[in-house]
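Residue strings, one per chain:
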Amino acid sequence: MNSLISIFTLLLTALVLQNAVFSRALDVTALLAIPFEKKSLRLFGLILTGVSTIASLLAGLLNPLMGQWKNVQYLRPVLYIILLAALYGIACLVLDWKKRDWLRDHTALLIAAFFNCAAYGAMALTVYSSYNWLESAASGMGVGLSFLLAVFLLEQGKRCMSICNIPKSFRGLPAELVYVGLISLSLYGLIGHQLAA
Amino acid sequence: MQPKRNAARRNLRKGLDLIFVHNPVLITGLALAPVIMGGFTVKNGMGLSLVFAMVTIPVLVLSSFLGMLPEKIPQYVRTIACAVLAALMLIPARLLAGGIAPNLFDSLGMYFSMMALNTVWLVCAPSCQKKKPQWALWDGVCHSLGFFVCTLLISLVREFLAYGTFWGGATALPVKFPPAAYAFGGFIIVGSAAAALRWGIDRAQDIGRLVRRQQKKWRMGR
């Protein structure tokens with residue numbers, strides 16, 4: 001029961017208080033700059049959730065083994081990225097075998113979903129927060145789900161911005177960055193922080 | 001000979017445009033996370049630029065060489081090769097970054113290593129497969145310069161606003177606004193910088209157009 005509660009807390013924290021996009025700017029490029037369609041962005045979010053969950057779980061399992069290595073701080077990021085590359089390779093092999101057409105149409109989306117800040121960040125967070133394998137998986141899932149929440153919030157923001165008279169130089173990326181910054185500020189306040197007077 | 005020279009000139013021009021007109025961070029919106037989260041002091045900005053260059057340039061050149069391989073080799077194998085090289089480049093980058101500031105790696109945390117997965121090489125690597133290695137190298141250098149200029153400016157502004165310092169040393173102006181170093185401060189400052197750069201580019205283009213029109217008038221007047 002206790003572990004269930006701790007996992008639920010972890011998920012909620014990752015989703016709101018330490019949202020991957022608003023608090024850590026993870027994968028903000030995929031959200032704002034890469035021109036995915038609405039449907040593709042949601043699919044991207046779902047794939048990202050799966051990737052970050054599996055990658056974090058593997059990182060959580062590997063961390064105790066890596067802890068004994070010499071110069072682990074140099075090798076850990078390299079190993080994490082190679083792990084992501086291996087996961088990408090396996091996914092592509094399976095898709096090439098089963099759904100070649102789908103793979104051809106979604107190559108860019110898959111590359112962006114496997115090699116991105118959020119998946120790597122979810123793995124790195126397992127070390128910084130000293131999670132066990134179950135907590136690691138939950139935190140990875142939280143990172144992916146928080147991206148989906150950010151997608152939803154940004155869609156609402158874009159809808160509102162489309163009916164506003166925004167100065168020409170602020171249209172598009174700059175306005176969206178400021179919008180994300182304001183949501184980030186509100187979450188910062190929600191945690192209970194206060195700005196210096 | 002002439003078409004070849006024109007193509008070279010076009011490529012040189014395209015590369016130079018990456019520094020301001022098509023800046024990878026402020027205009028295209030690539031590699032935003034490290035700049036927003038890590039670029040709050042000039043030292044951090046320099047460190048990020050160094051890792052960016054050390055990862056992006058070799059990966060784009062490798063991508064160009066991979067483009068020479070037979071088409072039988074699937075695209076995903078090429079992407080994996082690029083990702084592995086990017087990861088391996090983190091080791092020398094970290095050793096060099098220690099020269100800028102010994103605690104740089106700790107200060108940047110996971111954002112230092114995250115540069116190995118920067119979206120610039122992920123987006124540009126497929127197009128570099130069709131380019132000659134020297135032009136892929138030129139692309140990498142110009143992307144790195146564009147990233148350097150943007151990161152340096154943003155980190156300079158943020159360090160000055162947040163701590164009232166420059167490269168860790170106190171400045172004459174007593175400014176202290178710590179939120180500039182936070183994530184939301186990063187988002188807002190990067191967004192404002194992107195808007196300012198767009199405004200500047202638009203004005204420069206307007207002036208260029210006006211000058212050309214005037215030149216044409218003078219020539220006709222003669």
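None of these values were measured; they are calculated from a predicted model.

**Student:** Which residues make up helix α3 (residues 42-66) of chain B, and what values do they have?
**Tutor:** Over its 25 residues, α3(B) runs 36 Å from end to end, which matches the ideal 36 Å to within 8%, given 1.5 Å per residue. Across the 25 residues that make up α3(B), a large majority, 18, are buried.

**Student:** So, the interface of chain B and chain A: which residues are in play, and what are the values?
**Tutor:** Contacts between chain B and chain A engage 47 residues on the former and 50 residues on the latter. When the two sides are added together, the surface that chain B and chain A hide from each other amounts to roughly 3900 Å², 79% of it contributed by carbon and sulfur. Summed over the three residues of chain B that lose the most area to chain A, namely Y76(B), L117(B) and F187(B), the buried surface amounts to 18% of that side. Inspection of the region where chain B meets chain A yields one salt bridge. Our count for the chain B to chain A interface comes out at six residue pairs in polar contact (both at pLDDT 80 or more). Only α2 (32-38), α4 (75-88), α5 (90-100), α7 (110-114), α8 (119-128) and α10 (183-221) of chain B provide two or more residues apiece to the side of chain B that touches chain A. If you tally residues by element for the side of chain B that touches chain A, the top one is α10(B), at 12 residues. Among the residues forming the side of chain B that touches chain A, the class breakdown is 35 nonpolar, nine polar and three charged.

**Student:** Account for the environment of A86(A), with residues named and values stated.
**Tutor:** Tracing the chain through its elements places A86(A) in helix α4 (residues 72-98). Along the chain, A86(A) and I166(A) lie 80 residues apart, while their C-alpha atoms are 44 Å from each other.

**Student:** Just give me the short version of the environment of V61(B), but keep the residues and values in it.
**Tutor:** All names here are of chain B. Assignment of secondary structure puts V61 in helix α3. Considered as a pair, V61 and W138 are 77 residues apart in the sequence and their alpha carbons are 9.2 Å apart. Apart from residues no more than four positions distant in its own chain, V61 is found in contact with P133, A136 and L137.

The rules behind each value
- Residues numbered from 1 in each chain as written.
- Chains lettered and ligands numbered in written order.
- Predicted model: local features only at pLDDT ≥ 70, side-chain atom pairs only at ≥ 80, totals over all residues.
- Heavy atoms only, no water.
- Helix = DSSP H or I, 4+ residues; strand = E, 2+ residues; numbered from the N terminus.
- Expected span 1.5 Å × (residues − 1).
- Buried < 20%, exposed > 50% of the residue type's maximum accessible area, 1.4 Å probe, protein only.
- Contact = heavy atoms within 4.5 Å.
- Buried area = accessible area lost by both parts, 1.4 Å probe.
- Salt bridge = Lys/Arg side-chain N within 4 Å of Asp/Glu carboxyl O.
- Polar contact = N/O pair within 3.5 Å; in protein donor to acceptor, adjacent residues only side chain to side chain.
- Nonpolar A, V, L, I, M, F, W, Y, C, P; charged D, E, K, R; others polar.

Geometric descriptors of this kind do not, in isolation, establish any biological role.
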